[in-house]
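Analysis of the macromolecular model
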Amino acid sequence: MMYQHILIPVDGSKVSEYAFQKGVDIAKRNNAAITLVHVVDIRTYANVESERGSLHENADKYTEKMLNGYKAIALEQGVKSVDTKIGHGAARQVITKEIAPKANCDLIICGSNGINALERFVMGSVSEAIVRYAKCDVLVVRTEQVPDDFELALFTEEFRREYSNN
């Protein structure tokens, strides 16, 4: 089976980038398109204003910069088509019920978030919800699978430095 369209949720974490890299490799082997997505959960502070604009606007700017960085990496590595999507709300619902069906994806590749058993019981994990509710194949990259020597892309390192100082 050849995959045509791969959805990759990213959040800037090491496991997310490792999942992204696996997705790029699979997309190249299958000559598939990629949709990169980040979901901003702004429900609790959507109307809060700061000196630099609303938190909603700032979150979207941050997300757009992150997604464009990943897009540039994928295109540079030879992926034929890369689209980006910003979702708003609960990631587990937005990814499986909105973005994946609209993008007509046949594979979702995501990183596990490594939360502990109590947190998973109380709030559930996004990767678990994706596996449960997605209408296509899902590959979950486990935190434990990320090699110790896996290095983040230069873009990701610079992005993290820029936003950790703000």
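The preceding data block contains the structure.
For the structure given in this document, a descriptive report is provided here. Just so we're clear, the structure is a prediction, and the values are computed from it rather than from any experiment.

Observations regarding the overall build of the protein
Per the secondary structure count, the protein includes 6 helices and 7 strands. Listing each helix as α and each strand as β along the protein from the N terminus yields β-α-β-β-β-α-β-α-β-α-α-β-α. Counting only residues that meet the buried cut, the protein has 45% of its 166 residues in that class. In the protein, the proportion of contacts linking residues at least 24 apart, taken out of those at least 6 apart, comes to 78%. Here the protein displays about 9,500 Å² of accessible surface, and carbon together with sulfur accounts for 48% of that area.

Points about the side chain of aspartate 60
Assignment of secondary structure puts aspartate 60 in helix 2 (residues 55-76). Comment: no salt bridge for buried aspartate 60; closest opposite-charge side chain is lysine 61, at 9.7 Å. For aspartate 60, the side chain forms a polar contact with the side chain of histidine 88, separated by 2.7 Å.

What about the packing of helix 3 (residues 91-103) against helix 5 (residues 126-133)?
In contact at an axis separation of 9 Å, helix 3 and helix 5 are set at 30° when each is read in the N-to-C sense. As judged from the angle between their axes, helix 3 and helix 5 are roughly parallel. Helix 3 and helix 5 meet at a crossing whose hand is right-handed. Of the residues in helix 5, those in contact with Ala91, Arg92, Ile95 and Thr96 of helix 3 are Val126, Ala129, Ile130 and Tyr133. Residues belonging to the contact of helix 3 with helix 5 are distributed by class as follows: 6 nonpolar, 1 polar and 1 charged.

Here we look at the packing of aromatic side chains
Applying the stated criterion to the full structure yields 1 aromatic pair. Residues phenylalanine 20 and tyrosine 70 carry aromatic rings whose centres are separated by 4.8 Å and whose planes lie at 55° to one another, so their mutual orientation is tilted. Of the two residues, phenylalanine 20 sits in helix 1 (residues 14-30) while tyrosine 70 sits in helix 2, which places them 50 residues apart along the sequence. Tyrosine 70 matches phenylalanine 20 in its accessibility class, with the two residues each being buried. One cation-aromatic arrangement involves lysine 97 over tyrosine 133; the distance from NZ or CZ to the ring centre is 5.2 Å.

Digging into the nonpolar core
Within the largest apolar cluster, 28 residues are counted, with the highest numbers of intra-cluster contacts made by Ile6, Ile8, Val10, Phe20, Ile34, Leu36 and Ile109. Put simply, the parts of the chain that give this core at least two residues each are strand 1 (5-9), helix 1, strand 2 (33-40), helix 2 and strand 6 (107-111). The greatest single-element share of this core, amounting to 7 residues, is contributed by helix 1. Ignoring anything within four residues of it in the chain, the contact list for isoleucine 109 reads Ile6, Leu7, Ile8, Pro9, Ala19, Gly23, Ile26, Leu139 and Val141. Formed by 14 residues, the second largest nonpolar core is a distinct cluster that contains Leu7, Ile99, Ala134 and Cys136.

About the criteria used
- Residues numbered from 1 in each chain as written.
- Predicted model: local features only at pLDDT ≥ 70, side-chain atom pairs only at ≥ 80, totals over all residues.
- Heavy atoms only, no water.
- Helix = DSSP H or I, 4+ residues; strand = E, 2+ residues; numbered from the N terminus.
- Buried < 20%, exposed > 50% of the residue type's maximum accessible area, 1.4 Å probe, protein only.
- Contact = heavy atoms within 4.5 Å.
- Areas by Shrake-Rupley, 256 points an atom, 1.4 Å probe, with all protein chains shown as cover.
- Lys, Arg positive; Asp, Glu negative; His and termini not counted.
- Salt bridge = Lys/Arg side-chain N within 4 Å of Asp/Glu carboxyl O.
- Polar contact = N/O pair within 3.5 Å; in protein donor to acceptor, adjacent residues only side chain to side chain.
- Axes fitted to C-alpha atoms, helices over the stretch in contact; angles between N-to-C directions.
- Parallel < 35°, antiparallel > 145°, perpendicular 65-115°, else oblique.
- Left-handed = near helix turned anticlockwise from the far one by under 90°.
- Nonpolar A, V, L, I, M, F, W, Y, C, P; charged D, E, K, R; others polar.
- Phe/Tyr/Trp six-rings, centres within 6.5 Å; stacked < 30°, edge-to-face > 60°.
- Lys NZ or Arg CZ within 6 Å of the ring centre and 35° of its normal.
- Core = buried A, V, L, I, M, F, W, Y, C linked by side-chain atoms within 4.5 Å.

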